[in-house]
Amino acid sequence: MEVRIEPSWHEVLKDEFEKPYFSILTDFVRKEYKTKTVFPPAKLIFNAFDLCPFDNVKVVIIGQDPYHGYGQAHGLCFSVNDGVQFPPSLVNIFKEIERDLQIPFPSSGNLERWAKQGVFLLNATLTVLLGCAGSHQNKGWEEFTDSVIKKISDRKEHVVFMLWGSYAQKKGAVIDSKKHLVLKAVHPSPLSAYRGFIGCGHFSMANNYLQQHGLSPIQW
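The notes below deal with the structure included here. (Residues numbered from 1 in each chain as written. Predicted model: local features only at pLDDT ≥ 70, side-chain atom pairs only at ≥ 80, totals over all residues. Heavy atoms only, no water.)

Things to note about helix H2 (residues 20–35)
Next up, step 1: The terminal C-alpha atoms of H2, which comprises 16 residues, lie 23 Å apart, in line with the 22 Å expected from a rise of 1.5 Å per residue.
Next up, step 2: Taken as a whole, H2 has its buried residues at Tyr 21, Phe 22, Leu 25, Thr 26, Val 29 and Glu 32. Each buried residue of H2 lies within a common arc of 135 degrees when the element is viewed along its axis, so the set occupies one face. Exposed side chains of H2 directed beyond 90 degrees from the buried face belong to Pro 20, Ile 24, Lys 31, Lys 34 and Thr 35.
Next up, step 3: Buried residues belonging to H2 abut helix H1 (7–17), strand E1 (38–39), strand E4 (128–129) and helix H6 (141–155). (Helix = DSSP H or I, 4+ residues; strand = E, 2+ residues; numbered from the N terminus. Expected span 1.5 Å × (residues − 1). Buried < 20%, exposed > 50% of the residue type's maximum accessible area, 1.4 Å probe, protein only. Arc of directions from axis to C-beta. Contact = heavy atoms within 4.5 Å.)

Thoughts on the pairing of strand E3 (residues 119–123)
Next up, step 1: Most of E3 is tucked away: 5 of the 5 residues are buried.
Next up, step 2: Pairing of strand E2 (residues 59–63) with E3, which is carried by 5 bridges, proceeds in the parallel orientation. Bridge pairing links Ile 61 to Leu 121 in E3. (Pairing = 2+ DSSP bridges.)

Thoughts on unusual backbone geometry
Next up, step 1: Of the consecutive residues Phe 39 and Pro 40, the connecting peptide bond is found in the cis state with omega at -5 degrees.
Next up, step 2: Of note, Pro 40 is situated in the loop between E1 and helix H3 (47–51).
Next up, step 3: Its identity is not glycine, yet Asn 138 carries a phi of approximately 60 degrees, on the positive side.
Next up, step 4: Topologically, Asn 138 is positioned in the loop between E4 and H6.

Details of the pattern of salt bridges
Next up, step 1: Scanning all chains against the criterion turns up 8 salt bridges.
Next up, step 2: A salt bridge links Lys 14 to Glu 11, with the nearest nitrogen and oxygen atoms 2.6 Å apart. Of this pair, Lys 14 and Glu 11 both sit in helix H1, separated by 3 residues, roughly a single helical turn.
Next up, step 3: A cluster of three or more residues bridged by salt bridges with shared partners is formed by Glu 16, Lys 19 and Lys 151. (Salt bridge = Lys/Arg side-chain N within 4 Å of Asp/Glu carboxyl O.)

So, the packing of aromatic side chains
Next up, step 1: For the coordinates displayed, the defined rule picks out 22 aromatic pairs.
Next up, step 2: Between the aromatic rings of Phe 22 and Phe 144, the centroid separation amounts to 5.3 Å while the plane-to-plane angle is 50 degrees, which identifies the pairing as tilted. Of this pair, Phe 22 sits in helix H2 while Phe 144 sits in helix H6, and the two are 122 residues apart along the sequence.
Next up, step 3: You can call Phe 22 buried: its relative accessible area is 3%.
Next up, step 4: For the ring pair Phe 86 and Phe 94, a centre distance of 5.3 Å and an interplane angle of 65 degrees mean the geometry is edge-to-face. We note that Phe 86, like Phe 94, is buried.
Next up, step 5: Every member of this aromatic cluster is reached through a ring pair, and the members are Trp 9, Phe 17, Tyr 21, Phe 22, Phe 46, Phe 49, Phe 54, Phe 120, Trp 141 and Phe 144.
Next up, step 6: Over the aromatic face of Phe 54 sits the side chain of Lys 156, whose NZ or CZ is 5.1 Å from the ring centroid. (Phe/Tyr/Trp six-rings, centres within 6.5 Å; stacked < 30°, edge-to-face > 60°. Lys NZ or Arg CZ within 6 Å of the ring centre and 35° of its normal.)

Here's what the structure looks like:
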């Protein structure tokens, strides 16, 4: 099946695209886009992959669902388009970066600047209906993104995985922690952020680890 995705990822995932579940998923997603309001825009479904080629991946952050309001989602977990108000979880991510690295709040919640430095911002489910969180869960996306995580773990080394909340931590069970740095904390949502996300130090820990292994740190 022909999937429009960045070439290095296409090579890594080509076997996945041929599996029966992916064909069923593709049919489902196409119908949804034709008949309903779905986010992100169709051309940005694989934006996280397109902005961060496989060979460039240094840090992986795992989210759950795209944002489901107008103008927010653009294919990168936790990120919103320029000019969009910061969602609460993103506010807490920026708070922790400020606390950890003394980097002030940015003017934009668009995290493309991270993706271009090697931060792979992967949602477990890559599409969602307007106003309906979780609406495209259990349709095949999770199987696909589990495979993506396993391929990063198997084929690369010295990648930092940031697993925030129990959902991301379960999804990260396939990661080989002997050759990668796996950082775990509660989710940055307002419900849990002050129970251990604020104060986790993940951003400085990631940069220290990358530098120890001869890789350039991320400008968070």
